[in-house]
Amino acid sequence: MTSDTHAALRAGHLVDEQAVVALTQELVRIPSTWDPARERSEQPAAERVAEVMRGFGWQPEVVEVAPGRPNVVAVVDGGLPGPTLMFEGHTDVVTEGSRDEWTVDPFGGEIVDGRLYGRGSADMKAGVAAMIHATRAVELAGPFPGRIVVAALVDEEGQMLGAKHFTTTSLAAEVDAAIVCEPEAEEICAVAKGAVRLLVTCTGRMAHGAMPQHGRNPIPAVAELVQALNRFQAELQVVPGEHEHLGLTYLTPTVLDAGSADQINVIPGRAVLGVDCRTVPGVDHAALAERVRSDAAAIGARHGVTFAVDVVDDRPCAVTPEDHPIALAVARAHRDVTGVEPAFGGVPGATDGTILWRDSGIPNVVYGPGPKWIAHQPDEYVEVDDVVRKTRVYAEAALVFLTGATVAEAGGGL
């Protein structure tokens, strides 16, 4: 076993188990939803993260990307020449929803039977705490090659403003690879679905409901477009078909706005349809949008209405080869810590890693504590043992990646 491997194992054992669990609880107790009406934002969570970093002697940069929404980024230098690894997490969480659906306080951070409960416990306060304490363990293990960037960003649950801002910085251009610390159970996700969000506006002519012949009702045209979307979705599910880790492409209507329930006797002059398209590699996003425009135009001509199809957001599939050094490093560390062969999977949605890949070309894998499907649900939880385990994996993976240790040098094969 090489000195590099010894350093990695030493880093894993230097993880402060109690501190990482305690920090997870502290962060869960901060309701960092973006909700100005309730005077909530990521600010208090970001401040706590920065405070912990300063306690380690780090010098985090805190930058507001929007009022009350600060990114916190620290760079920990290993003291030796080498690459730059990034750990990435987000400080925002989605709303808790109706508290009647929770059996615990959504912001209590309670531990019951080995599970730490609360909104954001898995998605992703545990991941944020784990990446911070993993980096601290690597630092305590002694000098190491390269640098570790620890980034707690805002607005992942919205428009990913934090990640988009980070990719405009000079530091982003220096990052060689990233581990995005989202909850993925035991999977290493080297691929993530693409996302195209369409806003379709259909304009007709308003009229009295008793005299439809004098108007141009946009609703039947929108209904026909929804059927056309279903047919197009079926085509894409054949070609390019089902992806091994990501499944099928879906074109899902998510928003429909037309008319008023207070005036059912009025034919609306306008209808709006939102479509959330989730794609797999092989789907051309520009061609997808153009197909929807073409179908809409033909339908509009038949109904005497007009359609405008706008691309609100375009996030490509993020694809990192499973034999990339960052994927191999996480796989190696996962096996060493858990004693189990790693499983590769895919992210069904987009993460900040999608933006890191799209805007800065940063290869990344998504891997972190928490069940894969628990995010945004009532009684969200993370296993306490999983938080500690993933922290150790992060520490060891960081050193394997930064030292450039090969599989043979690390003492085993994948």
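Attention here is on the structure that accompanies the text. (Residues numbered from 1 in each chain as written. Predicted model: local features only at pLDDT ≥ 70, side-chain atom pairs only at ≥ 80, totals over all residues. Heavy atoms only, no water.)

Remarks on the pairing of strand β6 (residues 144-153)
Two faces make up the sheet, and in a regular strand the side chains alternate between them. With 10 of 10 residues buried, β6 is to be regarded as a mostly interior element. Across 6 bridges, strand β2 (residues 69-77) lies against β6 in antiparallel orientation. Bridge pairing links valine 76 to isoleucine 148 in β6. The pairing of strand β3 (residues 79-90) with β6 spans 9 bridges and is parallel. Counted as the bridge partner of glycine 89 is alanine 152 from β6. (Buried < 20%, exposed > 50% of the residue type's maximum accessible area, 1.4 Å probe, protein only. Helix = DSSP H or I, 4+ residues; strand = E, 2+ residues; numbered from the N terminus. Pairing = 2+ DSSP bridges.)

Details of the side chain of threonine 91
Relative to the helices and strands, threonine 91 is located in the loop between β3 and β4 (111-112). Under the relative-accessibility criterion, threonine 91 is labelled buried at 2%. Excluding residues that lie within four positions of it along the chain, threonine 91 makes contacts with Ser32, Glu42, Ala45, Lys125, Ala152, Leu153 and Val154. (Contact = heavy atoms within 4.5 Å.)

Thoughts on the layout of surface pockets
Within this model, the largest pocket holds a volume of roughly 500 Å³. Around the largest pocket sit 20 residues that line it, and Asp123, Gly349, Ala350, Ala375 and His376 are the ones nearest its centre. Broken down by class, the residue content of the lining of the largest pocket amounts to 7 nonpolar, 4 polar and 9 charged. (1 Å grid on protein atoms, 1.4 Å probe; cavity = no way out; pocket = protein on both sides within 12 Å on 5 of 7 lines; lining within 4 Å. Points joined across faces, edges and corners; volume = space filled by probe spheres on them. Nonpolar A, V, L, I, M, F, W, Y, C, P; charged D, E, K, R; others polar.)

Some thoughts on the pattern of salt bridges
What the rule picks out here adds up to 31 salt bridges. Of the charged contacts, one joins arginine 302 and glutamate 224 as a salt bridge, the two residues approaching to 2.2 Å between their closest N and O atoms. Taken together, the residues arginine 302 in helix α7 (residues 285-303) and glutamate 224 in helix α6 (residues 218-236) connect sequence positions 78 residues apart. A single salt-bridge network, built from bridges that share partners, covers Asp35, Arg38, Arg40, Glu96, Arg99 and Asp105. (Salt bridge = Lys/Arg side-chain N within 4 Å of Asp/Glu carboxyl O.)

Examining the sheet that holds β4
In space, the 3 strands of this open sheet follow the order β4-β5-β18, with antiparallel pairing throughout. In the strand order of this sheet, the two ends are held by β4 and β18 (381-383), each with one partner. Pairing between β4 and strand β5 (residues 115-117): 2 bridges, direction antiparallel. Counted as the bridge partner of valine 112 is arginine 115 from β5. Set on the sheet, helix α2 (residues 17-28) makes contact with β4 and β5; between it and β5 the angle comes to about 25°. Across the sheet, helix α10 (residues 384-403) is in contact with β4, β5 and β18; its angle to β18 comes to roughly 65°. (Axes fitted to C-alpha atoms, helices over the stretch in contact; angles between N-to-C directions.)

Function cannot be inferred from these measures alone, as they are strictly geometric.
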